[in-house]
Amino acid sequence: MLTRISNFSQADYIPDIPAHTTPLHVISEVSNVRIRANKLQKFRGGVYLPYTFPQPPRYIISGKSWWFVLGLAKLYKVAYGAVTDITGALTLNTGEATGWVGEIFNGVAVATNGVDNPIVWTGTGNATYLPNWPPGDVTAALCKTLRSFKNYLIAGNLTEDGEAQPNVIRWSHPADPGTLPVSWNILDTTKDAGKHILAETPGIVIDSLSLGDVHIIYKNDATYMLQTIGGAFVMKLTPLSLLSGMLRPNCATNIGHAHVVLSEDDVVMVTPQGVRSIVHNRIRANLFAHLSGSEIDKVFLAHNSAESEVWICTPVDSAWPNIAWVWNYREDKWYKRGLPMLAHADFGPQQEAGLLIIDATMLITDAPFLINNVMAMSRSFIGAAYASSKLTAFGWANSEFGEDMHAVVEHHSYDFAEQEGVSPEHVKLVTKIRPHFSVDTAPGTVVTFRIGSQMQLGDPISWSEPKSYVYGTTRDIYLRKTGRYISWRVSSQGQQHWELDGLDITYQLVGAY
């Protein structure tokens, strides 16, 4: 008898539903494998960029022709193959766990760490404190989040003249193109600066992010929408949800038509029309089982727009995020990828020739720098690897930072009851596997297959000895494994790329009960 996964178009990683109730193509466990374009695809690996940072990078912001790298007490510019300390006269006291919040506003990098005055960097010279701050109506002010909205800056979770105002936001007077706001003074009637208290819930402002013509503000327990309305009130604040907010700063990302947000108990898509879960009965329980412990403050979200992916980067038994739960929003698929202990990540825009140089062992030419005839670091997903004090580039190699990449994908406890005449109680004997790999798999690539079995669902899975499949040489994999419930595992431990289109499993019934 034969059961076939003709392609993986219906595949998804769904660990929250008991595996024995799911079809054969549903993924029970996955690491470093994408589910995309009807295939299982091993992730391309990453490289460390050849830059040395005296202080580890905690946060990165991409500009048109540079990267702004923020450490705890030092700031750096990365451009044209060089690292430059641009801290200047600033004295910074950033916390390792709390880190930074920032982005580009009018071509200028703006950021805050919640314990010092906000900072700016124009792209030249040294960074400075944000001009015209503190606001003129107070003598001292700090903010834990600072974001842009049209030509306004939005500051939230404030401390003003020593008084904590965690549920308050401020907006600046609108800035002229290419400039920074000239005022935050809400008492100056000639300016449009203002202030709102978000009092509907007891929670605190965590972060905010623009979405088209609106700005979404997240407390830990609520979500609000801010709109410009002009006139004396300038801004209108409307609750979107009084049940869902954000877990911590940098836990939202903009995918164009919506935000993807990690809340205290869910992963949600936020639009001006409302909030909905994208993980319920899929990965929610599995994800939040790993979101605990003292390192939870280091969780962050990043948008790998080249791959239409949102990465939820989390520390699992690690001081820094070492696993990403990845959502491909174009195909609505979940999977996971390992990380090199990242503190932050960002996607860089098209950049000037010669901006960044990859490892010298790769093919590099001068203008622009090329890697295998592709522009180096142009439209690239970059990570701040805190533990190694390096920047990383993802998708540029088959190795994982110079080492073999371990990739694995599994389905557990299939009972074959979808097959005519087969019952869950039947004992099955699996005798052969025939994988179908894409032509994008390199000849000679070695992939390992295993079959697992259980007589009862509560039994541990007993796996067969690993069988190697060599693409271009091997056709079928012969083995023998008996049980009522059958599992399969595909894995590799090397530097070859592979893409699996489908899988045939040959079996026979050897007992009715």
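Above this text you will find the structure in question.
Residues numbered from 1 in each chain as written. Predicted model: local features only at pLDDT ≥ 70, side-chain atom pairs only at ≥ 80, totals over all residues. Heavy atoms only, no water.

Caption draft 1: Spotlight on the pattern of salt bridges. For the structure shown, the criterion picks out 22 salt bridges. Between Arg 147 and Glu 103 there is a salt bridge; the shortest N-O distance is 3.2 Å. Of the two residues, Arg 147 is situated in strand E14 (residues 141-149) and Glu 103 in strand E10 (residues 101-105); the sequence distance between them amounts to 44 residues. Each member of the pair, Arg 147 as well as Glu 103, is classed as buried. Salt bridges sharing partners connect three or more residues here, namely Asp 137, Glu 160, Arg 170 and Lys 195. (Salt bridge = Lys/Arg side-chain N within 4 Å of Asp/Glu carboxyl O. Helix = DSSP H or I, 4+ residues; strand = E, 2+ residues; numbered from the N terminus. Buried < 20%, exposed > 50% of the residue type's maximum accessible area, 1.4 Å probe, protein only.)

Caption draft 2: Broad picture of the side chain of Ser 413. Along the chain, Ser 413 falls in strand E35 (residues 405-414). Here Gln 454 takes part through its side chain, which lies 2.6 Å from a polar atom of the side chain of Ser 413. Once residues lying within four places of it in the same chain are set aside, the contact partners of Ser 413 are Ala 19, His 20, Gln 454, Leu 457, Tyr 485, Ile 486 and Ser 487. (Polar contact = N/O pair within 3.5 Å; in protein donor to acceptor, adjacent residues only side chain to side chain. Contact = heavy atoms within 4.5 Å.)

Caption draft 3: Representation of the nonpolar core in the model. Ranked by internal contacts, the top residues of the largest apolar core, which has 85 residues, are Leu 40, Leu 262, Trp 334 and Trp 488. Discounting residues that sit within four places of it in the chain, Trp 334 has contacts with Asp 12, Tyr 13, Ile 35, Val 267, Ile 278, Val 279, Arg 282, Ile 283, Ile 312, Trp 325, Val 326 and Trp 327. Formed by 17 residues, the second largest nonpolar core is a distinct cluster that contains Phe 105, Leu 130, Leu 146 and Ala 155. (Core = buried A, V, L, I, M, F, W, Y, C linked by side-chain atoms within 4.5 Å.)

Caption draft 4: The arrangement of the packing of aromatic side chains in detail. Per the counting criterion, the structure on display carries 22 aromatic pairs. Taking 5.9 Å as the distance between ring centres and 45° as the angle between the ring planes, the aromatic pair formed by Phe 381 and Phe 394 counts as tilted. Placement of the pair is Phe 381 in strand E33 (residues 381-385) and Phe 394 in strand E34 (residues 390-397), with a sequence separation of 13 residues. The pair formed by Phe 381 and Phe 394 is uniform in burial state, with each residue classed as buried. Ring pairs connect the aromatic residues Phe 43, Tyr 48, Trp 311, Tyr 335, Phe 381, Phe 394 and Phe 401, which therefore count as one cluster. The side chain of Lys 298 reaches across the aromatic face of Trp 320, ending 4.0 Å from its centre. Positioned above the aromatic ring of Trp 463, the side-chain terminus of Arg 489 is 4.2 Å from the ring centre. (Phe/Tyr/Trp six-rings, centres within 6.5 Å; stacked < 30°, edge-to-face > 60°. Lys NZ or Arg CZ within 6 Å of the ring centre and 35° of its normal.)

Caption draft 5: How the structure looks around the sheet that holds strand E13 (residues 128-129). Within the open sheet, the four strands sit side by side as E10-E11-E12-E13. Their pairing is antiparallel. Each edge of the open sheet carries a strand with a single partner, namely E10 and E13. Bridge analysis of strand E11 (residues 108-112) against strand E12 (residues 119-121) gives three bridges, and the strand direction is antiparallel. Within E12, the residue paired with Ala 109 across the bridge is Trp 121. (Pairing = 2+ DSSP bridges.)

Caption draft 6: Representation of the sheet that holds strand E27 (residues 309-314) in the model. One open sheet accounts for four strands, arranged E26-E27-E28-E29; its pairing is antiparallel. Of all strands in the sheet, those bounded by a partner on one side alone are strand E26 (300-304) and strand E29 (333-338). Here the average twist between neighbouring strands, direction ignored, is 25°. With six bridges joining them, strand E28 (residues 323-328) and E29 adopt antiparallel strand pairing. Looking at the pairing, Ile 323 lines up with Gly 338 of E29. (Axes fitted to C-alpha atoms, helices over the stretch in contact; angles between N-to-C directions.)

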